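Structural overview for review
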Amino acid sequence: MNPGDGALRNNAAFAAAQLGRLDEAEQYLAGIGLLDNPDEAHTVEATRGLIAFRRGDVEAGRRLYGRARDGFVESKSAQQAVMAVLHWALEEVRISPQSLLALLEPARESVQRYPSAEGTLLLQRLESRRPA
């Protein structure tokens, strides 16, 4: 890995967090310097939100995902904002399955408004959490 590539370090951190290797995820993020690209900075903030959720710090997770979403909206990166919201929703449903009903319709509307293959996949993952 190129140690100076913030996007690669963030991707490695995201993957490690998804696997529950939270210390490793934080080490990857610690190696990221200042980011000139605002969207990269917002992406790192979303990954920090994921790590916070996985550590059980729900309020920090919500705050970080919310700041990432707001940053994407401010920088007019609507699809990135949708991705942050979908990942956030998956974490909310992971810790509180009953929250699915409140999150599902807004997630669908977001993906319909700003369609992408990744958004569709994440929406399918969210929908699969619906009780049988």
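Presented here is an overview of the structure given in this document. Predicted model only: the values in this text are computed from it and were never measured.

1. Comments concerning the overall build of the chain
On a plain count of helices and strands, the chain comes out with 7 helices and 0 strands. Overall, the chain shows an N-to-C arrangement of helices and strands of α-α-α-α-α-α-α. Relative to the compact-globule value of 14 Å for 132 residues, the chain shows a C-alpha radius of gyration of 14 Å, a close match. Dimensions of the chain, computed from the C-alpha atoms along their principal axes, are close to 45 × 30 × 25 Å. Going through the 132 residues of the chain one by one, you find that 39% of them count as buried. Counting only contacts in the chain whose residues sit at least 6 apart along the sequence, the fraction spanning at least 24 positions is 51%. In the structure as shown, the chain presents an accessible area of about 7500 Å², 53% of it carried by carbon and sulfur atoms. Put simply, the chain has 16 plus and 18 minus side-chain charges, and the middle of one group is 4 Å from the middle of the other.

2. Examining the pattern of salt bridges
In total, this model carries 11 salt bridges according to the counting rule given. One salt bridge in this structure joins Arg67 and Glu45, with 2.7 Å as the shortest N-O distance. Placement of Arg67 in helix α4 (residues 58-74) and of Glu45 in helix α3 (residues 38-55) is noted, with a sequence separation of 22 residues between them. The shortest N-O distance in the salt bridge between Arg69 and Asp70 comes to 2.9 Å. For Arg69, a relative accessible area of 28% translates into the label partly exposed. Salt bridges here are not isolated pairs; linked through shared partners, they connect Asp23, Glu26 and Arg55.

3. What to know about unusual backbone geometry
The phi dihedral of Lys76 falls on the positive side, at around 60 degrees, and the residue is not glycine. Here Lys76 is to be found in the loop between α4 and α5 (78-95). Judged by relative accessible area, Lys76 falls into the exposed class, the value being 73%.

4. Section: the packing of α4 against α5
Orientation of α4 relative to α5, taken along the N-to-C sense of each, is 165 degrees, at an axis distance of 8 Å. In terms of their interaxial angle, α4 and α5 are classed as roughly antiparallel. Remark: the crossing between α4 and α5 carries left-handed chirality. For the pair formed by α4 and α5, the contact residues are Val58, Arg62, Tyr65, Gly66, Arg69, Phe72 and Val73 on the first element and Gln80, Ala81, Ala84, Val85, His87, Trp88, Glu91, Glu92 and Ile95 on the second. Split into classes, the residues belonging to the contact of α4 with α5 amount to 9 nonpolar, 3 polar and 4 charged.

Rules used throughout
Residues numbered from 1 in each chain as written. Predicted model: local features only at pLDDT ≥ 70, side-chain atom pairs only at ≥ 80, totals over all residues. Heavy atoms only, no water. Helix = DSSP H or I, 4+ residues; strand = E, 2+ residues; numbered from the N terminus. Rg over C-alpha atoms; globule rule 2.2 N^0.38 Å. Buried < 20%, exposed > 50% of the residue type's maximum accessible area, 1.4 Å probe, protein only. Contact = heavy atoms within 4.5 Å. Areas by Shrake-Rupley, 256 points an atom, 1.4 Å probe, with all protein chains shown as cover. Lys, Arg positive; Asp, Glu negative; His and termini not counted. Charge placed at Lys NZ, Arg CZ, Asp CG, Glu CD. Salt bridge = Lys/Arg side-chain N within 4 Å of Asp/Glu carboxyl O. Axes fitted to C-alpha atoms, helices over the stretch in contact; angles between N-to-C directions. Parallel < 35°, antiparallel > 145°, perpendicular 65-115°, else oblique. Left-handed = near helix turned anticlockwise from the far one by under 90°. Nonpolar A, V, L, I, M, F, W, Y, C, P; charged D, E, K, R; others polar.

Nothing here speaks to function; it is all geometry.
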